[in-house]
Amino acid sequence: MGNKGKYYITTAIAYTSGKPHVGNSYEIVMADAIARYKKLEGYDVYLQTGTDEHGVKIEEKAAAAGVSPKKFVDGIADTIKDICKSLNVSYDRFIRTTDEDHMEQVQKIFKKFYDQGDIYKGSYEGMYCVPCESFWTSAQLKDGKCPDCGREVKPASEEAYFFKMSKYADRLIEHINSHPEFIQPVSRKNEMMNNFLLPGLQDLCVSRTSYTWGIPVSFDEKHVIYVWMDALSNYITGIGYDAEGNHGDLYKKLWPADLHLIGKDIVRFHTIYWPIFLMAMGEELPRQVFGHPWLLQGGEKMSKSRGNVIYADDLVGLFGTDAVRYFLLHEMPYENDGTITWELVIERFNSELANVLGNLVSRTISMSNKYFDGVVSSTGVTGDFDEDLKNVVTNTRDRVAQKMEDMHIADALSEVFVLFRRCNKYIDETEPWVLAKDESKKDRLSEVMYNLTESICIGANLLAPFMPETAEKILNEMNEPVRSFEDLGRYGLFESGKKVTEKPEILFARLDSEAVMKKVEEIREAQKAEYAKENPGAVSEGTPEEGVINVTIKDEIEYDDFAKLQFCVGEIIKCEEVPKSKKLLCSQVKIGDKVKQIVSGIKQYYSPEEMVGKKVMVLVNLKSATLAGVVSEGMLLCAEDENGNLALVSPEKDMPSGAEIC
């Protein structure tokens, strides 16, 4: 049991209209990593996830499948549980909105709101988006389509109950202004304030009569409770909330939630609707709502007909649980969308997991066995590189802690790998194989092996929230118990004279890219076959012919919008890597009589040396921005293929720098 108090974390509950792809699975892995980390820090953690199982879309999907809605959602819920298991997610409750205790309380909440005058009966006329289950006025539509998802809407009119949102709006605005940590990142807060709260809230439709698959209104059973009041309430019904005030002990202990972890597309529901519902209930608001970005597949729309949907269980089958956890947690930026492709997962597996971590552990244990029969002893014979290694290792805990506190999960994981990279560098600096040739340096060699073993053990403990199975394997091979969080800032706790395992397991064996991609092609073909079976007679989008990319055209713009952009030919006169960045190059670009500094994420495609002298196309009037602490004053234009490979765009003929592109 933790000694720092409780920590209650939730994810959004997955909608059971179909099997979630890997972008949807990212959230639960992130939540699990946060939960495990908080336990490591000493908190008493409770993690809740689950499924959202009501609504017209599910009613329609079930009818198409020829089964009852309940049977349909039972199957999807089991699939989602299996995905959580494959990703080693350890939740405390998996709530389903078809659970009896949840449905009973949602009915009570609705009645409570009605009795106190927050809900009234009326009728709704507007445009309805089935996928989003949202009503919109004509003025709210974007190009005649749903402003949230861009899909078609259809006219709908029906009797409904409405919640008086404006009654609580001022109170919510005051709360957001006085609690800057409530909505994160800050950009999400600004969006909610400027786009919804400050312009004024409309009353919210909270019941439907056009379908039956939902929780009935207890006093008017031709109505079912609309999905958001039903779904959002899970965060309290799942831990024992009672609308009549007879709360369970778990609710009294855990509420308010410390963190609601959700996707950026549903921030509005969690930071406007949900807090207002809680205010109407007389309950405290959650301490923080974090709207994470999306994980996108290489800029390409995913569909079964193309065979390009990536599912978490397929990834686990090819790469293993912890490799998938590493990729999902490491590749997602704090605020901007991340990218996933099969090729990128293979590259990260080989470069990070096999080369950096697996190789480090393997050769450290192998050298201990080769030189000292596996006995690791501290002799106190220090050298030039020991102090720097120890500083990096002992400071990693606090660096990780700060990143986790700020919700920079990817950066926290990167800090652990900074420790492992420093260990690899230490091996290169101390050259144990050279020391082993000189009997007089045996004690120095022993100290080097001790330092490596101790450093890896600390790193493994810090790795555990992100890659729990791998961390456990490393500690077992070192014959080392799990350490307390406090001890991870101390050096030298590995018991001198203890033996490590005789034969280390290969944690991550390098992958043959071609062999893996052959298996990927089998997965793609299976998806196409499944699509054809589920949609007899449908025309498959198929795979584009060689060299042809399926292009999705964005919304049309007016010429005046295009005319605001200024493109010129630029000549790169200097280029260097951006310190501490894996992706960025900083170029000095001559554009006529001016020189602009431009930062570009193309480091994996071009070296600084080959950049110099290139003529490139430049967007010159882009507002300046700071990337990794470096100011960027424009944008270099690149082309990107279906695999995410980039190439700078250059003029066909030799043109002087500063020439206008028109």
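These figures come from a predicted structure and were not determined experimentally. (Residues numbered from 1 in each chain as written. Predicted model: local features only at pLDDT ≥ 70, side-chain atom pairs only at ≥ 80, totals over all residues. Heavy atoms only, no water.)

**Student:** Talk me through the overall build of the chain; I want residue IDs and the actual numbers.
**Tutor:** From N to C terminus, the chain includes 21 helices and 28 strands. Against the compact-globule benchmark of 26 Å for 662 residues, the chain has a radius of gyration of 28 Å, which places it among compact chains. For the chain, the proportion of its 662 residues judged to be buried stands at 51%. If you take every contact in the chain between residues at least 6 apart in sequence, the share linking residues at least 24 apart comes to 75%. Of the roughly 30400 Å² that the chain leaves accessible, carbon and sulfur atoms contribute 48%. Both charge centroids of the chain, one from 78 positive and one from 105 negative side chains, sit 1 Å from each other. (Helix = DSSP H or I, 4+ residues; strand = E, 2+ residues; numbered from the N terminus. Rg over C-alpha atoms; globule rule 2.2 N^0.38 Å. Buried < 20%, exposed > 50% of the residue type's maximum accessible area, 1.4 Å probe, protein only. Contact = heavy atoms within 4.5 Å. Areas by Shrake-Rupley, 256 points an atom, 1.4 Å probe, with all protein chains shown as cover. Lys, Arg positive; Asp, Glu negative; His and termini not counted. Charge placed at Lys NZ, Arg CZ, Asp CG, Glu CD.)

**Student:** Talk me through the state of the cysteines; I want residue IDs and the actual numbers.
**Tutor:** Taken as a whole and judged by the stated rule, the model has zero disulfides. Take Cys 205: it sits in no disulfide, and the sulfur closest to it among the cysteines is that of Cys 129, at 14 Å. Its sulfur unpaired, Cys 423 is 10 Å from the next cysteine sulfur, which belongs to Cys 457. Note on Cys 423: relative accessible area 0%, which makes it buried. (Disulfide = S-S within 2.5 Å.)

**Student:** Requested: an account of the sheet that holds strand E7 (residues 154-163), with residues and values cited.
**Tutor:** Pairing between the strands of a sheet comes from backbone hydrogen bonds, and it takes one of two forms, parallel or antiparallel. Ordered in space as E6-E5-E7-E9, the four strands form an open sheet in which the pairing is antiparallel. This sheet does not close on itself; its edge strands, each paired only once, are strand E6 (134-136) and strand E9 (204-205). Most of the contacts of helix H10 (residues 267-281) go to E7, to which it runs at about 30°, and overall it touches E6, E7 and E9. (Pairing = 2+ DSSP bridges. Axes fitted to C-alpha atoms, helices over the stretch in contact; angles between N-to-C directions.)

**Student:** Please provide a residue-by-residue account of the packing of aromatic side chains, values included.
**Tutor:** Throughout the structure, instances matching the rule amount to 28 aromatic pairs. The interplanar angle of 65° and the centroid separation of 5.5 Å between the aromatic rings of Tyr 241 and Tyr 251 together place this pair among those described as edge-to-face. Of this pair, Tyr 241 sits in the loop between helix H8 (234-237) and helix H9 (249-254) while Tyr 251 sits in helix H9, and the two are 10 residues apart along the sequence. Across the pair, exposure class does not vary: Tyr 241 and Tyr 251 are buried alike. Centroid distance Phe 269 to Tyr 273: 5.3 Å. Interplanar angle 65°. Geometry classified as edge-to-face. Of this pair, Phe 269 and Tyr 273 both sit in helix H10, four residues apart, which is roughly one turn of that helix. A relative accessible area of 4% places Phe 269 in the buried class. Feature note: the residues Tyr 8, Tyr 46, Tyr 235, Tyr 241, Tyr 251, Trp 255 and Trp 274 constitute an aromatic cluster, connected by ring pairs. We note Arg 208 situated over the ring of Tyr 128; from NZ or CZ to the ring centre the distance is 4.3 Å. Over the ring of Trp 294 we find Lys 264; its NZ or CZ atom is 4.6 Å from the centre of that ring. (Phe/Tyr/Trp six-rings, centres within 6.5 Å; stacked < 30°, edge-to-face > 60°. Lys NZ or Arg CZ within 6 Å of the ring centre and 35° of its normal.)

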